[in-house]
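Structure assessment
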2 protein chains.
Amino acid sequence: MDFDECACSGKSLARLLRPAIMGTLAKGGAHGYELAQRLREMKMFAGDLPDHAGLYRALNHMEQEGYLVSRWDTEHAGPARKIFKLTSAGRACLAQWRETLRGYRQGLDELLRLLGRAR
Amino acid sequence: MDFDECACSGKSLARLLRPAIMGTLAKGGAHGYELAQRLREMKMFAGDLPDHAGLYRALNHMEQEGYLVSRWDTEHAGPARKIFKLTSAGRACLAQWRETLRGYRQGLDELLRLLGRAR
DNA sequence: TCCATTATATGACCTCATCATATAGAAGAG
DNA sequence: CTCTTCTATATGATGAGGTCATATAATGGA
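As the structure is a prediction and not an experimental result, all values here were calculated from the model. (Residues numbered from 1 in each chain as written. Chains lettered and ligands numbered in written order. Predicted model: local features only at pLDDT ≥ 70, side-chain atom pairs only at ≥ 80, totals over all residues. Heavy atoms only, no water.)

**Remarks on the sheet that holds strand β2 (residues 68-73) of chain A**
Pairing is antiparallel in the open sheet, where 3 strands are placed in the order β1-β3-β2 (chain A). Looking at the sheet topology across the chains shown, the edges are occupied by β1 (30-31) and β2 of chain A. (Pairing = 2+ DSSP bridges. Helix = DSSP H or I, 4+ residues; strand = E, 2+ residues; numbered from the N terminus.)

Listed below in structure tokens is the structure:
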């Protein structure tokens with residue numbers, strides 16, 4: 001049977017793009033294209049980032065929320081880069097994410113125990 | 001700081017309602033209201049199921065997809081109950097979910113390691 | 001009679017992500 | 001000098017999935 005269209009084949013972890021971005025930015029500022037490359041290296045994105053559209057939208061949205069700040073970098077050759085940095089609000093949000101994700105893992109374990117018993 | 005509106009405070013595990021439903025139905029048929037009660041007992045839903053609207057929508061949608069079948073039960077007092085059962089396609093989908101969720105768990109661990117290092 | 005409980009359902013709306021597409025600078029191939 | 005590719009950001013259309021508010025209806029108890 002073919003479940004390619006079904007969520008049960010979900011390739012990317014839903015709603016975890018934001019914490020992944022913040023966790024990466026916590027190690028130093030970066031621009032979108034660079035982030036895409038770093039995130040692609042993570043197993044959880046299975047070699048293909050959810051697509052750049054979502055990434056840029058998430059970055060700009062997080063900036064509007066005050067979790068990131070950006071500045072344009074025109075010092076390099078090629079198109080201008082928008083460098084993002086975590087704000088202190090962003091760091092606080094990241095700390096909250098850490099707790100939330102630990103809870104998610106417990107929930108996932110609970111669900112896997114349920115599915116493990118299921119026949 | 002208040003993150004109640006932020007996804008970092010996420011109370012329910014996104015997109016895991018369907019596998020939770022299927023896992024529960026794998027142990028025997030049930031109607032929506034009954035499922036809501038059983039799911040509410042799971043820690044991952046933290047005492048409040050995402051709301052009955054989503055549950056009934058998910059059930060009917062999964063039936064349209066062929067993962068569930070239903071029959072009306074009018075033998076009891078009170079309003080009629082719609083009893084749902086997993087089909088063989090549903091069981092196959094559930095098996096796929098099991099694999100996907102194991103992958104999700106690994107991705108979550110990877111992300112938690114990243115956040116653990118982040119300062 | 002009125003209310004709570006049991007039970008299902010839908011319209012309006014929101015968030016998040018994807019697909020397709022647009023824009024633009026720079027470097028290298030031919 | 002033109003074409004393609006890589007770097008880099010952005011947006012419109014669309015869809016999945018879920019929430020909020022509300023509607024409907026049977027039953028039993030205060």
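**Some details on the sheet that holds strand β3 (residues 81-86) of chain B**
Residue and element names in this part refer to chain B. Taken in spatial order, the 3 strands line up as β1-β3-β2 in an open sheet, and their pairing is antiparallel. Two strands in the sheet have a free side with no partner beyond their single neighbour: β1 (30-31) and β2 (68-73). Alignment of β2 against β3, held across 6 bridges, turns out to be antiparallel. Of the residues in β3, the one forming a bridge with Arg-71 is Ile-83.

**Looking at the environment of A:Cys93**
Residues and elements named next belong to chain A. Along the chain, the position of Cys-93 falls in helix α4 (residues 88-117). Accessibility expressed as a relative area gives 0% for Cys-93, which makes it buried. Placed 74 residues apart in sequence, Cys-93 and Pro-19 show a C-alpha to C-alpha distance of 8.8 Å. (Buried < 20%, exposed > 50% of the residue type's maximum accessible area, 1.4 Å probe, protein only.)

**So, the protein's contact with DNA strand D**
DNA strand D sits among 28 residues. The nearest are A:His52, A:Arg57, A:Arg81, A:Lys82 and B:Pro50. In DNA strand D, atoms within 4 Å of the protein come from the sugar-phosphate backbone in 60% of cases. Between a base oxygen of DNA strand D and a side-chain N or O atom of B:His52, the distance comes to 3.3 Å. Every element with two or more residues in the surface near DNA strand D is listed here: α2 (32-40), α3 (52-64) and β3 (81-86) of chain A together with α1 (17-25) and α3 (52-64) of chain B. (Near = heavy atom within 4 Å. Polar contact = N/O pair within 3.5 Å; in protein donor to acceptor, adjacent residues only side chain to side chain.)

**Focus: the pattern of salt bridges**
This model, assessed by the stated rule, comprises 7 salt bridges over all chains. Of the charged contacts in the structure, one is a salt bridge between A:Arg38 and A:Glu34, with a shortest N-O distance of 2.9 Å. Taken together, the positions of A:Arg38 and A:Glu34, both in helix α2 and 4 residues apart, correspond to about one turn of that helix. One salt bridge in this structure joins A:Asp109 and B:Arg105, with 2.2 Å as the shortest N-O distance. Pair noted here: A:Asp109 is in helix α4 and B:Arg105 is in helix α4 (residues 88-117), and the two residues belong to different chains. (Salt bridge = Lys/Arg side-chain N within 4 Å of Asp/Glu carboxyl O.)

**Things to note about α3(A)**
For an α-helix, the turn length of 3.6 residues means that residues three or four places apart are oriented alike. All names here are of chain A. Helix length check: α3 (13 residues) gives 18 Å between terminal C-alpha atoms against 18 Å at 1.5 Å per residue, within 8%. Turning to α3, its buried residues number three or more, namely Leu-55, Ala-58, Leu-59 and Met-62. Buried residues of α3, viewed axially, fall in a sector of 100°; they line one side. Across from the buried face of α3, at angles greater than 90 degrees, the exposed residues are Arg-57 and Gln-64. Where the residues of α3 are buried, they touch α1 (17-25), α2, β2 and β3. In this structure Asp-51 caps α3, since a side-chain oxygen of it lies 2.6 Å from the backbone nitrogen of Ala-53. (Expected span 1.5 Å × (residues − 1). Arc of directions from axis to C-beta. Contact = heavy atoms within 4.5 Å.)

**A look at the side chain of B:His31**
Residue and element names in this part refer to chain B. You can see His-31 is positioned in strand β1. Engagement of the side chain of His-31 in a polar contact is seen with the side chain of Glu-34, the distance being 3.0 Å. Excluding residues within four positions of it along the chain, His-31 makes contact with Arg-81, Lys-82 and Ile-83.

**A short note on the environment of B:Leu55**
Considering the arrangement of structural elements, one finds B:Leu55 in helix α3. Between the C-alpha atoms of B:Leu55 and B:Arg18, which are 37 residues apart in sequence, the distance is 8.6 Å.

**Some details on the packing of α2(A) against α3(A)**
Residue and element names in this part refer to chain A. Where α2 meets α3, the closest approach of the two axes is 10 Å, and the angle between their N-to-C directions is 120°. The orientation of α2 with respect to α3, classified from their angle, is oblique. Judged by the sense of rotation from one axis to the other, the crossing of α2 with α3 is right-handed. Facing Gly-32, Tyr-33, Leu-35, Ala-36 and Leu-39 of α2, the residues of α3 in contact are Leu-55, Tyr-56 and Leu-59. (Axes fitted to C-alpha atoms, helices over the stretch in contact; angles between N-to-C directions. Parallel < 35°, antiparallel > 145°, perpendicular 65-115°, else oblique. Left-handed = near helix turned anticlockwise from the far one by under 90°.)

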